[in-house]
Amino acid sequence: MMTPLEHLSRNSRVDKFFIDGQWVEPSGTAKGVVVNPATEEVVSQFPLGNSEDVDAAVAAARRAFVTWSRTTPEDRAGLLDRLQALLEARRELLAQCLTLEMGAVIGYARTAQVPLAIAHVKVARDVLTDFPFVEQRGHTAVAHEPIGVCALITPWNWPLYQITAKVAPALAAGCTVVLKPSELSPLDALLFAEAIEEAGFPAGVFNLVNGDGPCVGGGLASHADVDMISITGSTRAGIAVAQAAAPTVKRVAQELGGKSPNVILPDADLDRAVSLGIAAAFRNLGQSCSAPTRMIVPRARLSEIESIAQRAADEIVVGDPLSEAPTHGAIANRAQFDRIQTMIGVGVSEGAKLLTGGLGRPDGLDVGLYVKPTIFSNVLTSMRIAQEEVFGPVLCIIPYDTVEEAVTIANDTVYGLGAHVQGEDMDDVRDVASRIRAGQVHLNYPAWDPHAPFGGFKQSGNGREYGIEGMLEYLEVKSILGYF
């Protein structure tokens, strides 16, 4: 099987953008690089777009919207079916690509990053099939119509997953899109664009421009012919996009940072609650905005919890992401690696108890962006490591004396994206969940639900993705009085 780079090079995709149904040369000469996190070597170059590329992509999307917005749900569902099948056929190529460009261990890329991404296409198709685009309310018709041209900005930590979570519902709604993937993980977007092309979507319905945030991202956010912008990224990036979008009064959907709590109630099964909590916090090496990296635990059982956490951490194997043995690979990029090291140092200097991990690479890994999964205990909620998003495998264990205090600690954050609650008495578990200010709460580690709306309170953003609510973001509401 060809590698992702061999495949893209053979088809001359790495050096081009996908605009108006064609693979086109970029307008400028600026280049970005793809770095393999496992080796720290530059493995590819790719073009960075400019304002001319943005204008061309937006113009193509604007032209295509006239007819695409009038297609039937059945026609759009058929194209999404084809897209899903083509992504399924590329599963291994996509998994290899994700491992190459952002360091995900190959097993996790195969079992989570890729299949969960494909699931968003299926969900969008299913939602589209059953969605009532026109409803009767007395003599009035309440219609849901596509909002228009949508600019979609996706991150480097779940690259393909976030592409499908935005593109699929936007296309299902009847919108046309311009995608700007992260310049730190751009290759899987090229493979996705190939699948769009092969599926037969009309020219201009989907457009891809690689580039950086200030130029391409900012250009899309401020563009007068863009009707909506959806961004997944840092809170800082979300603020910048909202500011750029404000003069044109476009809709802005933001899925931003998080510092998610995991409240373990006094009656919880500690072996299960703590070990699965470690796994959840360190999934994708903690590079998830909803990772539950604040474990809030009963003080009376702290020593027992520390022992379980230590054992769970000892089972983590960090290493070459292309090998089958490691459970976790490399951090996605140098800036994030340095950020994690800085914050581990902050935790030590603040006086938190270093239970496991710490500064530097794991033993035997002298090259590559590898970090030690790190757990701090006896953390105070006022500490920086309890307040700031680390975005890596760094967990804070924060003790509490009463359940009321646990809820207060859970809400003691500027973020409100995700949360977890563990306990045996479901009335108590549900009560605590109802008092946590977060957009999605998981009770006792349930199965992932791609129909469950996802989004944040407070500085974690606004709007929702996934399921019906995910498609509603791309629709406007029109009242037509006297229709019936």
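To start, this report covers the structure provided alongside it. All values derive from a computational prediction rather than experimental measurement.

### Things to note about the overall build of the chain
In terms of helices and strands, the chain carries 16 helices and 22 strands. On C-alpha atoms alone, the chain measures out to a radius of gyration of 23 Å, which is about the 23 Å that the 2.2 N^0.38 rule sets for 484 residues. Counting only C-alpha atoms and orienting by the principal axes, one finds that the chain spans roughly 65 × 60 × 40 Å. Within the chain, the proportion of its 484 residues that are buried is 58%. Summed over all atoms, the accessible surface of the chain reaches about 18300 Å², with 53% contributed by carbon and sulfur. Charged side chains of the chain number 39 positive and 57 negative; the gap between the two group centres comes to 3 Å.

### Here's the deal with a nonpolar patch on the surface
On the surface, Val33, Val35 and Val42 cluster together into a nonpolar patch covering about 210 Å² of accessible area. Note that Val42 resides in strand 4 (residues 41–47).

### Some details on the packing of aromatic side chains
A complete count under the given rule lists 12 aromatic pairs for this structure. Ring geometry for Trp156 against Phe391: centres 5.5 Å apart, planes inclined by 85°, an arrangement best described as edge-to-face. With Trp156 in the loop between strand 7 (149–153) and helix 6 (159–173) and Phe391 in the loop between helix 13 (384–387) and strand 16 (394–400), this pair connects stretches of sequence that are 235 residues apart. Grouping residues by exposure puts Trp156 and Phe391 together as buried. Put simply, the rings of Tyr108, Trp158, Tyr161, Trp448, Phe454 and Tyr466 touch in pairs and so form one group of aromatic residues.

### Considerations on the pattern of salt bridges
For the structure on display, the rule yields 28 salt bridges. Among the salt bridges present, the one from Arg62 reaches Asp227, with a minimum N-O distance of 2.7 Å. Separated by 165 residues along the polypeptide, Arg62 in helix 2 (residues 51–68) and Asp227 in the loop between helix 8 (213–222) and strand 10 (228–232) bring together distant segments of the chain. With a relative accessible area of 26%, Arg62 lands in the partly exposed category. Note that Glu404 and Arg435 form a salt bridge whose closest N and O atoms lie 2.8 Å from each other. On the criterion of sequence distance, the pair formed by Glu404 in helix 14 (residues 403–410) and Arg435 in helix 15 (residues 426–435) is long-range, its members being 31 residues apart. Among the residues examined, Glu404 registers a relative accessible area of 48% and is labelled partly exposed. On the basis of relative accessible area, Arg435 is assigned to the partly exposed category, the value being 28%. A cluster of three or more residues bridged by salt bridges with shared partners is formed by Glu40, Arg334, Asp338 and Arg361.

### Overview of a negative patch on the surface
The grouping of Asp267, Asp269, Glu424, Asp425 and Asp428 at the surface amounts to a negative patch. Look at Asp428 and you get partly exposed, because its relative accessible area is 40%.

### A look at the sheet that holds strand 22 (residues 475–480)
Here 3 strands make up an open sheet; going across it, the order is 5-6-22 and the pairing antiparallel. The outermost strands of the open sheet, each flanked by one partner alone, are strand 5 (134–137) and strand 22. With strand direction ignored, the average angle separating the axes of adjacent strands in the sheet is 25°.

### Let's talk about helix 5 (residues 106–130)
Here helix 5 spans 36 Å end to end across 25 residues, near enough to the 36 Å set by a 1.5 Å rise per residue. The largest bend in helix 5 amounts to roughly 30° and is located at Pro115.

### Topic: the packing of helix 8 against helix 9 (residues 235–245)
Look at helix 8 against helix 9: their axes get within 7 Å of each other, and the N-to-C directions meet at 40°. Looking at the two axes, helix 8 sits oblique to helix 9. With respect to the hand of their crossing, helix 8 and helix 9 are arranged in right-handed fashion. Within the contact between the two elements, helix 8 uses Gly218, Ala221 and Ser222 and helix 9 uses Val241, Ala244 and Ala245. Tallied by class, residues from the contact of helix 8 with helix 9 come to 4 nonpolar, 2 polar and no charged.

### Quick look at the environment of Gly392
Its location among the elements puts Gly392 in the loop between helix 13 and strand 16. A relative accessible area of 1% places Gly392 in the buried class. Considered as a pair, Gly392 and His120 are 272 residues apart in the sequence and their alpha carbons are 25 Å apart.

### Considerations on unusual backbone geometry
Unlike most non-glycine residues, Asn444 shows phi in positive territory, near 55°. With respect to the helices and strands, the residue Asn444 is situated in the loop between strand 19 (440–443) and strand 20 (457–458). You will see that Tyr466, though not glycine, has its phi angle at about 80°, which is positive. Accessibility expressed as a relative area gives 7% for Tyr466, which makes it buried.

### Focus on the environment of Lys250
Counting through the fold element by element, Lys250 comes out in the loop between helix 9 and strand 11 (251–255). The spacing of Lys250 and His451 is 201 residues in sequence and 26 Å in space, taken between C-alpha atoms. If near-sequence neighbours (up to four positions away) are discounted, Lys250 is found in contact with Leu220, Ala221, Ser222, His223, Val226, Asp227, Met228, Ile229 and Ala245. A distance of 2.9 Å separates a polar side-chain atom of Lys250 from the backbone oxygen of His223.

Reading guide: rules and limits
Residues numbered from 1 in each chain as written. Predicted model: local features only at pLDDT ≥ 70, side-chain atom pairs only at ≥ 80, totals over all residues. Heavy atoms only, no water. Helix = DSSP H or I, 4+ residues; strand = E, 2+ residues; numbered from the N terminus. Rg over C-alpha atoms; globule rule 2.2 N^0.38 Å. Buried < 20%, exposed > 50% of the residue type's maximum accessible area, 1.4 Å probe, protein only. Areas by Shrake-Rupley, 256 points an atom, 1.4 Å probe, with all protein chains shown as cover. Lys, Arg positive; Asp, Glu negative; His and termini not counted. Charge placed at Lys NZ, Arg CZ, Asp CG, Glu CD. Patch = residues over 30% accessible without salt bridge, like charges linked within 9 Å, V, L, I, M, F, W, Y side chains within 5 Å. Salt bridge = Lys/Arg side-chain N within 4 Å of Asp/Glu carboxyl O. Phe/Tyr/Trp six-rings, centres within 6.5 Å; stacked < 30°, edge-to-face > 60°. Pairing = 2+ DSSP bridges. Axes fitted to C-alpha atoms, helices over the stretch in contact; angles between N-to-C directions. Expected span 1.5 Å × (residues − 1). Bend = angle between axes of the 7 residues up to and from the residue. Parallel < 35°, antiparallel > 145°, perpendicular 65-115°, else oblique. Left-handed = near helix turned anticlockwise from the far one by under 90°. Contact = heavy atoms within 4.5 Å. Nonpolar A, V, L, I, M, F, W, Y, C, P; charged D, E, K, R; others polar. Polar contact = N/O pair within 3.5 Å; in protein donor to acceptor, adjacent residues only side chain to side chain.

Spatial relationships are all this shows, so hold off on functional conclusions.
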